[in-house]
Each structure stands twice: as structure tokens, then as C-alpha cells.
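Remarks on the overall topology
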Amino acid sequence: MRLLERMRKEWFMVGIVLAIAGAKLKPSIGVNGGPLKPEITVSYIAVSTIFFNSGLSLKTEELTSALVHIKLHLFIQIFTLAFFPAAIWLFLQLLSVTPINEWLLKGLQTVGCMPPPVSSAVILTKAVGGNEAAAIFNSAFGSFLGIIITPLLLLVFLGSSSSVPFTSIFSQLFMTVVVPLIIGQIVRRYIKDWLERKKPPFGAISSSVLLMIIYTTFCDTFSNPNIDLDKFSLVLILFIIFSIQLSFMLLTFIFSTRSNSGFTPADTVAIIFCSTHKSLTLGIPMLKIVFAGHEHLSLISVPLLIYHPVQILLGSVLVPTIKSWMVSRQKGVKLTRPTV
């Protein structure tokens, strides 16, 4: 199962490259008013499909056992949805004086505002042997919180109320995100046994729809002759994203391993991944809604498109190191326990 998941993620990365290349070759197909009619098929049908799919696949009935770890959940959610975006905002005040493309910098801020993903943090936590129940809970709960908090954070830190009415944003979010998610959860209650038995390819469905959204987003970019992305800015953004990922992983590790933290080594593993990972599946549709019609939407989306594979790559590379640390710490705890 883990091998299939890894293969799916690798093909998804290839799909992103092909989607962007296809948009470059023939942008007229995916622009607003083009043959694909993205103003309908993407803005409403594709986004609703992703969140209905999320509602069907989220195993919220298995999360009750993790509810008791209030301190752990508060740490992850506050770090992800408060500290992360605020720290990025402060960092961007320094970067604003550099020649880096301003829309890529705004894209970095959108990364900070995103909720945790519903899959990668859980998969990596499980691979290490960490607190999987906590990872599942915080990924699912963070996704629900993100539906409300992420658009608010985007409006606070970036502001798009001047071009898109606040009420319009949230009415569309409600109809294309909240309603499909709730319907998916209701449907899941009635077909739960069938879903567990058949195991439909939820990941593949969401990835396919997401590729369509990415394709149409970049069609808008390449059809606009006024947009120019310099390679220097792109390379710097890639380096910055790697640095942010590593720095925040180290920061969460330091905070969660203090002697008075109250967290176990298994808890620390879940904290490291859940606090620093950001959702592409939820993020891209939200950006599409909040920045609908914005000529620089694709440039704003680029950092999130980069952040997604970086978090999986770094996480996968660090799995053996984190696992050996966790095992050694757990052995140390067992040895220090008094014998009766």
C-alpha cells in the first residue's frame, strides 16, 4: 500500500509538469471562455468534487480516541494556523527589499496560511512509527478549520477585498467547499462498509481533478503577455522553501522535546510533520476562489506547488533519522523506569 501511495505521488509530480507544459503549448483551451469553460467546470464542479471526495474519505469516526490529547492538538493547530503565517509575514518584510518577484513572495504568504494536508503528514508519521492517531486527527481537524481560517488569513495578510467582495468569497466557499464536504460525510455514514471493502481510489480522483485546476490556472498565465517570471526569483524561492521547511521542522522538534513539554517521542513525530506540512489539495481550490480572476493567480500558486513536493521529499529523506531518534528515546524511557 505504501509503495502504491509513493508511486501515485511520483506520477502526480509528473502530472504537474505535464499540466504546466500543456498550458504553455495551448493556453487557449483552458482560459475563461475557452473550450473547457473553467469558470464553471473548475470554479464549481472541480472544486466541489475535491471536497465531496474529501468528505467521503475522511475517517472522522476513528478520531474520538485522539480527542483527549488537547495540548498536542492546540500546539499543532496554533503553530500551523497562527505562528506559521505570522512568521512568514515577518520574514517577507525583509525579503520585500530584494529583487525577488513580488507575486512569488505573496505566494509564500499563501503557503503559510494553508491548513495541514489530509495524507502526507499521516503517511510519514506512520512510516516513522509516531502517534498516527494524533496525525490523523490534526490533519482532518486542520482541514475543517482551514475552510474557515485560511480564507480569513489570506484576506488579512494579502487582502483581496478590493477586487473580490468578502461575502462573495465566503458564499462560494460555503457552496463549493463546506456543503460538498458535509454531503460527503453524510453519504459516508451510509456506505461506510462498502467504502472499507472496496477502497475506492480517493487519492487518484482528487489528484486528477487537481491537475485540471493547475492546468487551467497556468493557461490564464500563459495567455497573459504581461506576466514574466524570471528564473532568478524561482531559484531563490525554491531555496527559501527548503530553508523554511527545515527551520520549522527543527523548531517544532526543539519545542516538543523540552523536558517540561509533556510530549512523548511518538507525539513529537506527529508534531514535526503535521505542524510544517501544507495542503495542496485544499490550497489550490481555495486560491482559485479567493483570487478568482486575478491575473497573477498562477504566480501566487507557484510557491505552494513547490512546497508540496519539497515537504514529501524532505520528509521521506528524514524518516530513517527521525525513526532512529524516536526508537533510541523510547528505549531510554524504558530503561529509566523503576522496576517493581
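Positions within a chain are numbered from 1, following the residues in the order the chain's sequence is written. The model is predicted, so local features are restricted to residues of pLDDT at least 70 and side-chain atom pairs to those at 80 or more, both for listing and for counting; the totals for chains, interfaces and linings are taken over all residues. Hydrogen atoms and water are omitted, and side-chain values are computed over all heavy atoms in the structure.

In the annotation of an unreviewed UniProt entry, the chain is listed under the name Sodium/bile acid cotransporter and assigned to Ceratotherium simum simum. UniProt positions are given in the numbering used here, feature names are shortened, and annotations may be inferred rather than shown by experiment. Looking at the Sequence similarities (unreviewed entry) heading of the UniProt record, one finds this comment for the chain: "Belongs to the bile acid:sodium symporter (BASS) (TC 2.A.28) family." Quoted verbatim from the Function (unreviewed entry) heading of the UniProt record, the comment on the chain is "Does not show transport activity towards bile acids or steroid sulfates."

Along its 26 residues, helix H9 (residues 231–256) runs 38 Å from first to last C-alpha, staying within 8% of the 38 Å computed at 1.5 Å per residue. For H9, the set of buried residues is Ser233, Ile237, Ile240, Ile241, Ile244, Gln245, Phe248, Met249, Thr252 and Ser256. Under the scheme used here, helices are H or I runs from DSSP no shorter than 4 residues and strands are E runs no shorter than 2 residues, and both carry numbers assigned from the N terminus. Every helix has an expected span of 1.5 Å times one less than the residues it contains. To sort residues, take the accessible area from a 1.4 Å probe on protein chains only and compare it with the maximum for the residue type: under 20% means buried, over 50% means exposed, and anything in between is partly exposed.

This part covers the nonpolar core. Within the largest apolar cluster, 61 residues are counted, with the highest numbers of intra-cluster contacts made by Leu108 and Ile237. Broken down by element, this core gets its largest block of residues, 10 residues, from helix H12 (residues 297–336). Any pair of residues with heavy atoms lying within 4.5 Å of one another is described as a contacting pair. When sequence neighbours within four positions are dropped, the list of residues in contact with Leu108 reads Ile88, Leu92, Leu95, Ile237, Ile240, Ile241, Ile244 and Pro303. Definition of nonpolar core: a set of buried residues of the types Ala, Val, Leu, Ile, Met, Phe, Trp, Tyr and Cys, connected through side-chain atoms within 4.5 Å.

This part covers the packing of helix H4 (residues 102–113) against H9. Each axis is a line fitted through C-alpha atoms, taken for helices only over the stretch in contact, and angles between the N-to-C directions span 0 to 180 degrees. Interhelical geometry of H4 versus H9 gives an angle of 20 degrees and a closest axis separation of 10 Å. With respect to H9, the axis of H4 lies roughly parallel. Where H4 crosses over H9, the handedness of that crossing is right-handed. Facing Leu104, Leu105 and Leu108 of H4, the residues of H9 in contact are Ser233, Leu234, Ile237, Ile240, Ile241 and Ile244. When residues are grouped by polarity, Ala, Val, Leu, Ile, Met, Phe, Trp, Tyr, Cys and Pro land in nonpolar, Asp, Glu, Lys and Arg in charged, and all others, Gly among them, in polar. Its residues assigned to classes, the contact of H4 with H9 shows 8 nonpolar, 1 polar and no charged. Relative orientations are named as follows: roughly parallel for angles under 35 degrees, roughly antiparallel for angles over 145 degrees, roughly perpendicular for angles from 65 to 115 degrees, and oblique for any other angle. In this scheme the crossing of two helices becomes right-handed for a clockwise turn of the near helix relative to the far one and left-handed for an anticlockwise turn of less than a right angle.

For the rest of this paragraph, the subject is the side chain of Ser48. Within the element layout of this structure, Ser48 appears in helix H2 (residues 38–57). With near-sequence residues (within four places) excluded, Ser48 lies in contact with Met175, Thr176 and Pro180.

What follows concerns the packing of aromatic side chains. Two rings from Phe, Tyr or Trp (for Trp, the six-membered ring) form a pair when their centres sit within 6.5 Å of each other. Planes less than 30 degrees apart are called stacked, planes more than 60 degrees apart edge-to-face, and all others tilted. A complete count under the given rule lists 9 aromatic pairs for this structure. The interplanar angle of 70 degrees and the centroid separation of 6.5 Å between the aromatic rings of Phe84 and Tyr307 together place this pair among those described as edge-to-face. You can see Phe84 sitting in helix H3 (residues 70–95) and its partner Tyr307 sitting in helix H12, a full 223 residues away along the chain. Each member of the pair, Phe84 as well as Tyr307, carries the same accessibility label: buried. A centroid spacing of 5.5 Å and a plane angle of 25 degrees characterise the contact between Phe137 and Phe141, whose relative ring orientation is stacked. Of this pair, Phe137 and Phe141 are both found in helix H6 (residues 132–157), 4 residues apart, which corresponds to roughly one turn of the helix. Among the residues examined, Phe141 registers a relative accessible area of 36% and is labelled partly exposed. Ring-pair connections join several aromatic residues into one group, and the members of that group are Phe75, Phe79, Phe83, Phe84, Phe248, Phe263 and Tyr307. In this analysis the charged atom, NZ for Lys or CZ for Arg, is taken to sit over a ring once it is within 6 Å of the ring centre and within 35 degrees of the ring normal. Over the face of the ring belonging to Phe84 we find Lys278, whose NZ or CZ atom lies 4.3 Å from the ring centre.

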